[in-house]
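Here is what each chain is made of, one letter per residue.
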Number of protein chains: 2
Amino acid sequence: MMRSPTPDTPLIGILGAGQLGRMLALAGYPLGMRFRFLDPTPASPASHLAEQLVGSYSDHDMLERFADGLDLVTYEFENVPVDAVRLLAERTLVYPPPGALLVSQDRFSEKSFFVSQGIPVPAFAEVGSREGLDAAVEKIGLPAVLKTRRFGYDGKGQAVLRSTDDVGAAWRAMGGQPLILEGFVPFERELSILSVRAVNGQVAFYPLVENHHREGILRLSLAPVQGITAELQQQAESYARRVLDALDYVGVLAIELFEVKGQLLVNEMAPRVHNSGHWTIEGAETSQFENHLRAISGLPIGSTAPVGYSATLNLIGALPDPARVLEVEGAHLHLYGKEPRPARKLGHITLRTNDPAVLGERLARLRDVVSKT
Amino acid sequence: MMRSPTPDTPLIGILGAGQLGRMLALAGYPLGMRFRFLDPTPASPASHLAEQLVGSYSDHDMLERFADGLDLVTYEFENVPVDAVRLLAERTLVYPPPGALLVSQDRFSEKSFFVSQGIPVPAFAEVGSREGLDAAVEKIGLPAVLKTRRFGYDGKGQAVLRSTDDVGAAWRAMGGQPLILEGFVPFERELSILSVRAVNGQVAFYPLVENHHREGILRLSLAPVQGITAELQQQAESYARRVLDALDYVGVLAIELFEVKGQLLVNEMAPRVHNSGHWTIEGAETSQFENHLRAISGLPIGSTAPVGYSATLNLIGALPDPARVLEVEGAHLHLYGKEPRPARKLGHITLRTNDPAVLGERLARLRDVVSKT
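Residues numbered from 1 in each chain as written. Chains lettered and ligands numbered in written order. Predicted model: local features only at pLDDT ≥ 70, side-chain atom pairs only at ≥ 80, totals over all residues. Heavy atoms only, no water.

Caption draft 1: Quick peek at the relation of the copies chain B and chain A. Each copy superposes on the other: chain B lies on chain A with an RMSD of 0.0 Å after a rotation of 180° and an axial shift of 0.0 Å. Accordingly, the operation relating the two chain copies is best matched by a two-fold axis. It is Leu49 of chain B whose C-alpha, among those of chain B, lies nearest the rotation axis, at 2.3 Å. Both copies contact each other with a shared surface, as 100% of the interface residues of chain B are interface residues in chain A too. (Least-squares fit on C-alpha atoms with pLDDT ≥ 70 in both. Contact = heavy atoms within 4.5 Å.)

Caption draft 2: Here's a closer look at the sheet that holds strand 5 (residues 93–94) of chain B. Residue and element names in this part refer to chain B. Ordered by their spatial adjacency, five strands build an open sheet running 3-2-1-4-5, and the pairing between neighbours is parallel. Each edge of the open sheet is held by one strand with a lone partner, namely strand 3 (51–54) and strand 5. Strand direction decides the pairing type here: strand 1 (residues 11–15) and strand 4 (residues 72–75), joined by four bridges, are parallel. Residue Ile12 lies in a different strand from strand 4, and its bridge partner there is Leu72. Helix-sheet contacts for helix 2 (residues 60–67) involve strand 1, strand 2 (34–39), strand 3 and strand 4, and the interaxial angle to strand 2 is about 170°. (Pairing = 2+ DSSP bridges. Helix = DSSP H or I, 4+ residues; strand = E, 2+ residues; numbered from the N terminus. Axes fitted to C-alpha atoms, helices over the stretch in contact; angles between N-to-C directions.)

Caption draft 3: Structural detail: the sheet that holds strand 7 (residues 144–148) of chain A. All names here are of chain A. Pairing within the open sheet is antiparallel, and its four strands lie in the order 6-9-7-8. Of all the strands in the sheet, just strand 6 (124–127) and strand 8 (158–161) have a single pairing partner and so form its edges. Pairs of neighbouring strands in the sheet enclose a mean axial angle of 20°, with direction left out of account. Here strand 6 pairs with strand 9 (residues 179–183) via four bridges, running antiparallel. Within the sheet, the bridge partner assigned to Ala125 lies in strand 9 and is Leu181. Docked against the sheet, helix 6 (residues 130–140) engages strand 6, strand 7, strand 8 and strand 9, running at close to 175° with respect to strand 6.

Caption draft 4: Inspection of the pairing of strand 18 (residues 345–353) of chain A at higher detail. Residue and element names in this part refer to chain A. Across the nine residues that make up strand 18, a large majority, nine, are buried. Direction of pairing for strand 16 (residues 309–316) relative to strand 18: antiparallel, over a ladder of eight bridges. Each bridged residue has a counterpart across the sheet, and for Thr312 the counterpart in strand 18 is Thr350. (Buried < 20%, exposed > 50% of the residue type's maximum accessible area, 1.4 Å probe, protein only.)

Caption draft 5: The arrangement of the pattern of salt bridges in detail. Tallied over the full model, the rule gives 40 salt bridges over all chains. Ionic pairing is found between Glu210 of chain B and Arg189 of chain B, a salt bridge with its closest N-O pair at 3.2 Å. Of this pair, Glu210 of chain B sits in strand 12 (residues 209–214) while Arg189 of chain B is found in strand 10 (residues 189–197), placing the two residues 21 residues apart along the sequence. For Arg189 of chain B, a relative accessible area of 17% gives the class buried. In the salt-bridge network here, residues are joined through shared partners; they are Glu64, Glu90 and Arg91 of chain A. (Salt bridge = Lys/Arg side-chain N within 4 Å of Asp/Glu carboxyl O.)

Caption draft 6: Local environment of unusual backbone geometry. Omega for the peptide link from Leu142 of chain A to Pro143 of chain A comes to 0°, which places this bond in the cis form. By secondary structure assignment, the location of Pro143 of chain A is in the loop between helix 6 and strand 7. In this model, Asp248 of chain A sits at a positive phi of 45°, which is unusual for a non-glycine residue. Mapping Asp248 of chain A onto the fold places it in the loop between helix 8 (230–246) and strand 14 (251–260). Even without glycine at this site, Ala43 of chain B takes up a positive phi of about 55°. Summarising the element assignment, Ala43 of chain B is placed in the loop between strand 2 and strand 3.

Structure follows, in structure tokens:
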């Protein structure tokens, strides 16, 4: 495509006006960018600081209104309908490319794509019927995880099968939609790697992040991870690079990995900025949000070098007293402007220190403050 | 006053919607704050990301509309009419306190106030008539600087008197308004200190900043300054503390100083966030913008410790190619969304490095990019 974004004051359209969109806008204003959001939920987090159109991603008239005058479109979540993105791509530039969306919207396509690139993944099998589930269990063994192929996030649409006794109940709960069975991985750690690729093919990687989930929701990320070998970082970068290049990707890409016996298995990818990269706002020379915007608008990618040591704690369901949080030295509070609701991501706190030795002690104080809310 | 800001989603009113207001809003959204601006110029820099009421600061009806529902009012420039601030102070909390405005709006009151606090200042004299000017020249000696007592900024409203031949012309150009004559200070360096005081009296100081002006406009700030003794930092902090405490100040206060033979003379103060503190966005643990908002809304002040070494280059009159700026490692671009116009501050670039040795070389590259625009 020969069009390129307007150099001054580009108007960027973002599908989805949640916290990721909000943090993209906060990173983009200093670069002179302006933003328009489309999201079906009124008064979404990004609406406090930019124009939000309220409407469905399937409403073609709304998409036309949204596209009017935009220099560029991006998205904050991977479950936006591919048809909407294709329609927008006929009107303006869309990054990351629709092909990346297609691959990542379906767990089976995604894992098959990883395999096609020579990237190791846990054992997996497509499940289309009760008989198919039995065959998959036979092939993969137990424990295993049954997942919907589409629309899963934060642990939703998943069931762990520990013994053959669990198979019937899981099928009754989830059967009738496309499913995938994945071998349960006895991982030592869950990691992720944030990478970014520019229009001209320039690529950069952030250091590996260690992630801790509870009830399927990311609670804590640590970056850069302590005790990671250069080999493991290189392995992660090599997998990310294959994905970026194969998809002719533009923007930030997140890949979640399992560390098992000194090797990495790729779990899944997100063609967007990612919760496990929030630490980069304070903890890296250039944040994932700024680098995503720089990449998609044809600007050079900024340094991904870490600035000290960071821990990001997600605020789920309820908010702590901001004053108590901010009493902890090096704590940076990020609220998303959302009403509290169980299991909802309402904000995060990034704790940044120059000295890794004090990170643990301050994090313990912070967790104490957060747990008492 | 017993009212305190609403703990969740405080709505903060800001008088002035320029770049300082814009950067305050960018720092405040992550803290869950919302903003409303009042500024007579439509489509001001902050209007891109918050509500802006367009109207005069002297329009009482407009001030009532502005105040409606606000938890707190602050301002981004010190020339807002004191009457407006007093009216607002009857409706809601106003920080910094109106008394600080009063003192800083008049160069003679300001210098007299510094003297009353035992803070050394250059020689100065009030000038109300041509005879008064002659007497002041006699008293202070030449060279000296004749300034308007009110509404001066970025070198506007000033004339340097090098010999008695200059006196007549300066009087013809500036006479008829309240003036002040200040002794010309043969300074080694111009410095500034950013300080912040919370509602509860907690005080913090950023490290001294070295400033370089041209044609009366700040061009370059370096922080922390190299080769500053602990005594000089303490001297600056002690002067700032006297001002903060005497005015029962709340918020960020900037004080400009001259370094002369290892001693400091105070030049002027600004009761607000300040151009010489922009480096704190990337170069300090907590930015001046965030700390101003934390202070005025009753939150604990964040660490003012520097993170590495920073240089901030102002973009005056014309903008460089963003791509060339962002090619320089560690360069962070901040555009204000203003139309280019001679002598206008359009943005700034902060260069941050961990290693002070590379700062000079990168800064030279950056100046080269900026000078070619």
